[in-house]
Structures are given as structure tokens and as C-alpha cells.
Amino acid sequence: MAQLVALYKNPSDTKAFDAYYASTHAPLAKTLPGLKSYQISTGPVATAQGESPYYLVALLEFESLEAIESALGSPEGQKTAGDLANFAQAGVELLMFDTKDA
């Protein structure tokens, strides 16, 4: 399996972020071809040191890293990526990697 992790930085207006994410961005992301599961964090995102620069973490699971790359290159992926500028003005980091059981 493989993961795409989206780390959304703290927005200036959390209510507007939450409303847009739930009504528009999450439904777009759920159309990504090959998406196996989609989870988001609830409540504050913390670090071992305390406060975090991140507001929300999204975990998207795919069959492989190649499947993630294919999904992002698809029309649905382009539409989802293009939507980030509409609500994630504070910034978002995307991490992608293959996984295995340890």
C-alpha cells in the first residue's frame, strides 16, 4: 500500500476552512481514481513538543506510489490539486510514500 499525507497549516479563519473543506474539497478528493481510504484528523494536531503548525492532516491510501502519481495526474487529481488555492492559503505539504507492515 501507499499513503498520501496532506498537512494543512493553521488557517487564519478555521470556520471558513472547515466549511470549505467539508463541502467542496473532501468531495473532490474522494473522486481520485484508485483511492482506497480517506481519513482526516479531528481536534488539534499536536507534536511531542506541544503546539503544531498544522491544523488538519488528511491520510489518503492507495495501492502503490505509482497509483498516487496516476491519481494526481488524472483530471480528478488536477481538479483536486487546483482547488487547494481556494482554501489552503496558509499552505499545505504533501508527502507520498509506499508502506509495509513492520
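This text goes with the structure placed above it.
It should be emphasised that the depicted structure is a prediction, and the values quoted were computed from it without experimental measurement.

Thresholds, definitions, all that
- Counting starts from 1 at the beginning of each chain's written sequence and moves along it residue by residue.
- Local features in this predicted model are restricted to residues of pLDDT 70 or higher, and side-chain atom pairs are both shown and tallied only at a pLDDT of 80 or more, whereas totals for entire chains, interfaces and linings draw on every residue.
- As a rule here, side-chain values cover all heavy atoms of the structure and leave hydrogens and water aside.
- Each axis is a line fitted through C-alpha atoms, taken for helices only over the stretch in contact, and angles between the N-to-C directions span 0 to 180 degrees.
- Counting from the N terminus, the helices are the DSSP runs of H or I reaching at least four residues and the strands are the DSSP runs of E reaching at least two.
- Note on terminology: angles under 35 degrees are roughly parallel, angles over 145 are roughly antiparallel, angles of 65 to 115 are roughly perpendicular, and the others are oblique.
- The contact rule is simple, with two residues in contact once any of their heavy atoms fall within 4.5 Å.
- The sense of a crossing depends on the near helix, which, turned anticlockwise from the far helix by less than a right angle, makes the crossing left-handed and, turned clockwise, makes it right-handed.
- Should DSSP find at least two bridges between two strands, the strands are regarded as paired.

Asks: Explain the packing of helix H2 (residues 65-73) against helix H3 (residues 75-83) to me, and be specific about the residues and the numbers.
Replies: It is at 4 Å that the axes of H2 and H3 come closest, and there the two elements cross at 75 degrees. Considered as vectors, H2 and H3 are oriented roughly perpendicular to each other. On the side of H2, the interface is formed by Ala 71, Leu 72 and Gly 73, while H3 contributes Pro 75, Gly 77 and Gln 78.

Asks: So, the packing of helix H1 (residues 14-29) against H3: which residues are in play, and what are the values?
Replies: Axis separation between H1 and H3 bottoms out at 8 Å; the angle between their running directions is 155 degrees. The angle between the axes of H1 and H3 places the two elements in the roughly antiparallel class. Crossing of H1 over H3 shows left-handed handedness. Of H3, the residues touching H1 (which contributes Tyr 20, Thr 24, His 25, Leu 28 and Ala 29) are Lys 79, Thr 80 and Asp 83.

Asks: Lay out the sheet that holds strand E2 (residues 37-40) in plain terms, naming residues and giving numbers.
Replies: Reading across the sheet, the four strands line up as E2-E3-E1-E4 and stay open at both edges, with antiparallel pairing between neighbours. Sheet topology places E2 and strand E4 (92-98) at the edges, where each strand pairs with a single neighbour. If you compare each strand with its neighbour and ignore which way they point, the axes differ by 15 degrees on average. With four bridges connecting them, E2 and strand E3 (residues 54-62) associate as antiparallel partners. Of the residues in E3, the one forming a bridge with Ser 37 is Glu 61. Together, strand E1 (2-9), E2 and E3 form the strand contacts of H1, whose direction differs from that of E3 by roughly 10 degrees.

Remember, this is a structural readout, not a statement about activity or role.
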